[in-house]
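# Breakdown of the fold
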Amino acid sequence: MGTTYVQLSIEDRCRIASLREQGRSMRQIAAALDRAPSTIARELERNAERKLGYRPAYAHEQTRARRWKGSKLERDEGLRRIVLDRLEQGWSPEQVAGRLAREQAKSSVSHETIYRFIYAQIARTKDYSWRNYLPRSKSKRGCRGRRGGSSTSFIEGRIPLSERPAQARDRQTPGHWEADLMMFAKYGQAILTVHERSSRILLAARPDNKTANLIAEMIDQLLRPIPSQLRKTITFDNGTEFARHTRLHSLDLKTFFCDPYAPWQKGGIENAIGRMRRFIPRKTDLAAISDRHFIALLHAYNATPRKCLDFKTPAELFLQQLLHFKCESTPPPARG
């Protein structure tokens, strides 16, 4: 026999049951399986049923149940509390796992373990409120289709996305933006969102209506304080609320539009809106949210680490870029 112990398999247990029915002794069974007699004796003592005797399937399940002590999050209360607290703040399981690894925590966990823990709680307790810990609040895994887009006939001077500079595609160069409206169930309520493709920083405002002139004016107000080096292009879908896009040319900002029925081409802002939905679902009455609370929600989004940013936050990365450009554009002090 080897020096390394190997657990009994289901096939081994079937042979034990068969040989036992043939009236073989424990030493004979052990010799047939090339095992120690004590291993066979312990197996029969621990995993046999009182009334029905030794059954391979039952014995195998008993062994597995004895070895399983719950997932890491069920066993480690401190780690579970940290994970759930951050999920409550709106972080995704991937962000929680990545940030814990970046902080070099003594106890870390993978995002898959977090997902399995949440879905296991739903399956065991039938308490579907556990799904609210997840970014999309879904009780089952899977993708959901989306529809979107609008007519292009009312947008003058529309330039298709195919003509946007190539440097805007890889997200490495700052200054390329995307914009969209985050709509709500109550008629007339919307949030204007503007998203920078490189840092993933999100700017937002609450317009009184969706008229094209007001939307263009509010985008101007959001982006005008940004240094000119960080204002290069902005991409929209084909909603008529962006029909006055040419007013933004005064910021030296080039405007581009997705193909019809292809809002996924500005996936950054679509993803950002999806993340904000966790804090402000579609059924929310925006009138009930104070300006202070709205700013706090926006801050929470920008202060959440992202895997695509090596688990830095959009605010951290954007401020680094902003300061970098300021340093480059500031002339040295005059001598004397």
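As a starting point, this report considers the structure included with it.

## Re the packing of helix 6 (residues 77-88) against helix 7 (residues 93-102)
Orientation of helix 6 relative to helix 7, taken along the N-to-C sense of each, is 130°, at an axis distance of 9 Å. As summarised for this structure, helix 6 and helix 7 are arranged oblique, according to the angle between their axes. For the crossing formed where helix 6 meets helix 7, the hand is right-handed. Within the contact between the two elements, helix 6 uses Leu79, Ile82, Val83, Arg86 and Leu87 and helix 7 uses Pro93, Val96, Arg99 and Leu100. Here the contact of helix 6 with helix 7 is built from residues that sort into seven nonpolar, no polar and two charged.

## Brief notes about the pattern of salt bridges
Scanning all chains against the criterion turns up 18 salt bridges. Note that Arg81 is salt-bridged to Asp85, the shortest N-O span being 3.0 Å. Remark: Asp85 and Arg81 occur in helix 6; sequence separation between them is four residues, near one turn of the helix. In this structure, a network of salt bridges that share partners links the residues Arg86, Arg99, Glu103 and Glu316.

## A few points about the packing of aromatic side chains
Geometrically, a pair of aromatic rings is defined through the distance of the ring centres and the angle of the planes. Per the counting criterion, the structure on display carries six aromatic pairs. Measuring from ring centre to ring centre gives 6.5 Å for Tyr115 and Tyr119, while their planes differ by 15°; the resulting arrangement is stacked. Placement of the pair is Tyr115 and Tyr119 together in helix 8 (residues 111-125), with a separation of four residues, close to one helical turn. Members of the aromatic cluster, connected to one another through ring pairs, are Phe117, Trp130 and Tyr133. In this structure, Arg206 is placed above the aromatic ring of Phe294, and the distance from its NZ or CZ to the ring centre is 4.9 Å. Across the ring face of Phe184, the terminal group of Arg277 is positioned such that the distance to the ring centre comes to 5.1 Å.

The rules behind each value
Residues numbered from 1 in each chain as written. Predicted model: local features only at pLDDT ≥ 70, side-chain atom pairs only at ≥ 80, totals over all residues. Heavy atoms only, no water. Axes fitted to C-alpha atoms, helices over the stretch in contact; angles between N-to-C directions. Helix = DSSP H or I, 4+ residues; strand = E, 2+ residues; numbered from the N terminus. Parallel < 35°, antiparallel > 145°, perpendicular 65-115°, else oblique. Left-handed = near helix turned anticlockwise from the far one by under 90°. Contact = heavy atoms within 4.5 Å. Nonpolar A, V, L, I, M, F, W, Y, C, P; charged D, E, K, R; others polar. Salt bridge = Lys/Arg side-chain N within 4 Å of Asp/Glu carboxyl O. Phe/Tyr/Trp six-rings, centres within 6.5 Å; stacked < 30°, edge-to-face > 60°. Lys NZ or Arg CZ within 6 Å of the ring centre and 35° of its normal.

Any functional reading would require information beyond the geometric quantities listed.
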